[in-house]
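Understanding the architecture of this molecule
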Amino acid sequence: MDNLQLILNLYKVALGQERLVDPEQPFKDKESKIPNILPGEEWSDDCSIRKSLDILSSFANDYWNYPIVTYYLSNKTNADFKEAFDKFLHKLIVDLLYTQVIANNVNSLKTPVMNLDLKIIDNLHPDFDFGDKDWAVFKQNIVTPHFKLERMLLKIVAYMEPNQTDVMLSGWQVEHIFSQKWDPSVYSQLPAEEIKQLIEHIGNKMPLEKIPNIMAGNNFFSKKRAEYEKSDIALAHSIRQYTSWDTNSIRMRDEMLVRDIQSLLESWSKEYDDVAE
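A short tour of the structure in this document, coming up. Since this is a predicted model, take the numbers as computed values, not measurements.

Side note on unusual backbone geometry
- Residue asparagine 104 is not a glycine yet carries a positive backbone phi of 55°.
- For asparagine 104, the position within the fold is in the loop between helix H4 (81-103) and helix H5 (107-120).
- With a phi angle near 55°, aspartate 122 is a residue other than glycine that sits in the positive phi range.
- Relative to the elements of secondary structure, aspartate 122 occurs in the loop between H5 and helix H6 (135-143).

Let's talk about the nonpolar core
- Core analysis: the largest hydrophobic core is formed by 79 residues, its most contacted members being Trp43, Ile68 and Phe88.
- Considering each element in turn, this core owes the most residues, 12 residues, to H4.
- Leaving out residues up to four positions away in the same chain, phenylalanine 88 has contacts with Pro67, Tyr71, Leu116, Ile120, Pro126, Phe128 and Tyr272.

Looking at the pattern of salt bridges
- The tally for this structure, following the rule as stated, stands at 17 salt bridges.
- Among the ionic pairs, lysine 205 bridges to glutamate 200, the shortest N-O distance being 2.9 Å.
- Here lysine 205 falls in the buried class, since its relative accessible area comes to 5%.
- Since its relative accessible area comes to 35%, glutamate 200 is described here as partly exposed.
- Among the ionic pairs, aspartate 260 bridges to arginine 259, the shortest N-O distance being 3.5 Å.
- Look at aspartate 260 and you get partly exposed, because its relative accessible area is 28%.
- In the salt-bridge network here, residues are joined through shared partners; they are Arg19, Asp45, Arg50 and Asp166.

Points about the environment of valine 94
- Residue position: valine 94 is located in helix H4.
- Assessed through its relative accessible area of 0%, valine 94 is described here as buried.
- Along the sequence, valine 94 and glutamine 262 sit 168 residues apart, while their C-alpha atoms lie 9.4 Å from each other.

Let's talk about the pairing of strand E2 (residues 205-208)
- Burial along E2 is two-sided: Lys205 and Pro207 facing one way and Met206 and Leu208 facing the other are all buried.
- Sheet topology note: the strand E1 (residues 173-176)/E2 ladder contains four bridges and is antiparallel. Bridge assignment links histidine 176 to a residue of E2, and that residue is lysine 205.

A word on helix H7 (residues 147-159)
- For H7, with 13 residues, the first-to-last C-alpha span of 19 Å sits near the 18 Å given by 1.5 Å per residue.
- Summarising burial for H7: 10 of the 13 residues are buried, a large majority.

A short note on the side chain of aspartate 117
- Residue position: aspartate 117 is located in helix H5.
- Of the side chains bearing the opposite charge, lysine 119 lies closest to the buried aspartate 117, which forms no salt bridge; the N-O distance is 11 Å.
- The residues contacting aspartate 117, other than those within four sequence positions of it, are Tyr66, Pro67 and Thr70.

Focus: the packing of H4 against H5
- It is the contact of H4 with H5, at a shortest axis distance of 10 Å, that shows an interaxial angle of 165°. The angle between the axes of H4 and H5 places the two elements in the roughly antiparallel class. Seen along the crossing, H4 lies across H5 with a hand that is right-handed. Taking contact as the criterion, the partners of Phe88, Leu92, Leu96, Thr99, Gln100 and Ala103 in H4 are, on H5, Ser108, Leu109, Val113, Leu116 and Ile120.

With respect to the packing of aromatic side chains
- Scanning the entire structure with this criterion turns up 18 aromatic pairs.
- Considering the side-chain rings of tryptophan 43 and phenylalanine 85, the 5.8 Å spacing of their centres and the 80° angle between planes classify their relative orientation as edge-to-face. Taken together, the residues tryptophan 43 in the loop between helix H1 (3-14) and helix H2 (47-56) and phenylalanine 85 in helix H4 connect sequence positions 42 residues apart. As far as the burial class goes, tryptophan 43 and phenylalanine 85 line up, both buried.
- Note on phenylalanine 128 and tyrosine 272: the rings are 5.2 Å apart at their centroids and 80° apart in plane angle, and the pair reads as edge-to-face. In this pair, phenylalanine 128 sits in the loop between H5 and H6 while tyrosine 272 sits in helix H12 (residues 247-276), placing the two residues 144 residues apart along the sequence.
- Note on phenylalanine 128: relative accessible area 15%, which makes it buried.
- Counting every residue linked through ring pairs, the aromatic cluster contains Trp43, Tyr71, Tyr72, Phe81, Phe85, Phe88, Phe128, Phe130 and Tyr272.

Cut-offs used in this document
Residues numbered from 1 in each chain as written. Predicted model: local features only at pLDDT ≥ 70, side-chain atom pairs only at ≥ 80, totals over all residues. Heavy atoms only, no water. Helix = DSSP H or I, 4+ residues; strand = E, 2+ residues; numbered from the N terminus. Core = buried A, V, L, I, M, F, W, Y, C linked by side-chain atoms within 4.5 Å. Buried < 20%, exposed > 50% of the residue type's maximum accessible area, 1.4 Å probe, protein only. Contact = heavy atoms within 4.5 Å. Salt bridge = Lys/Arg side-chain N within 4 Å of Asp/Glu carboxyl O. Pairing = 2+ DSSP bridges. Expected span 1.5 Å × (residues − 1). Lys, Arg positive; Asp, Glu negative; His and termini not counted. Axes fitted to C-alpha atoms, helices over the stretch in contact; angles between N-to-C directions. Parallel < 35°, antiparallel > 145°, perpendicular 65-115°, else oblique. Left-handed = near helix turned anticlockwise from the far one by under 90°. Phe/Tyr/Trp six-rings, centres within 6.5 Å; stacked < 30°, edge-to-face > 60°.

Okay, structure coming up:
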């Protein structure tokens, strides 16, 4: 199989959310509907890898593409590829996201990504040279993330849900749990500008399919909960468990999310570094 076809296969999974199955017999049998994965492409059916590629597909620029293509072409025939690819993608998410959140410019990624590409050749565990990390600054910046990173962060949040067993279907929209249009008489104790800022915090947002999101609209939370129940996204069902949602709920979820995101990213980085050593 030539490299062009291999790259196409990679993006069928990364962007098309497909599994690499035998086109003549896509299922092992008609009853079970278990995918009949092509030999050597078992990674395409791995839930963790599929989620990581989906997260990377929402990165703020194209720099995520070069390392994954180089890594795939160089290492896919290695017997340990699937496990190593999973850890590599996690580490790539960590360093790309951190660098973009802190620097918020493309130039900050150019040199470390180019250096990584060179180190990847025939190397399952290349060194990442993206510099040291100040997690305190990172946490401050993701409370109100740049719009180009918002969807990537929301995917990370959604995939932290244990019941989210596969990638979310593309086409979802950003749901504001506390509505963008609220009743000023109910929240008269807070300045309107402060509420507007809180509404745009990561703690007030989640992925939601288009139709439930439209139906939820700018209703009160008590009415939105009924639409969340119709969602196939596990996070929507977790949010539905709240009996009410106000500005304090946003602040509390802000704290929880930045803590959990940092913890996850640090664990991914340590996991990779431990193997590389």
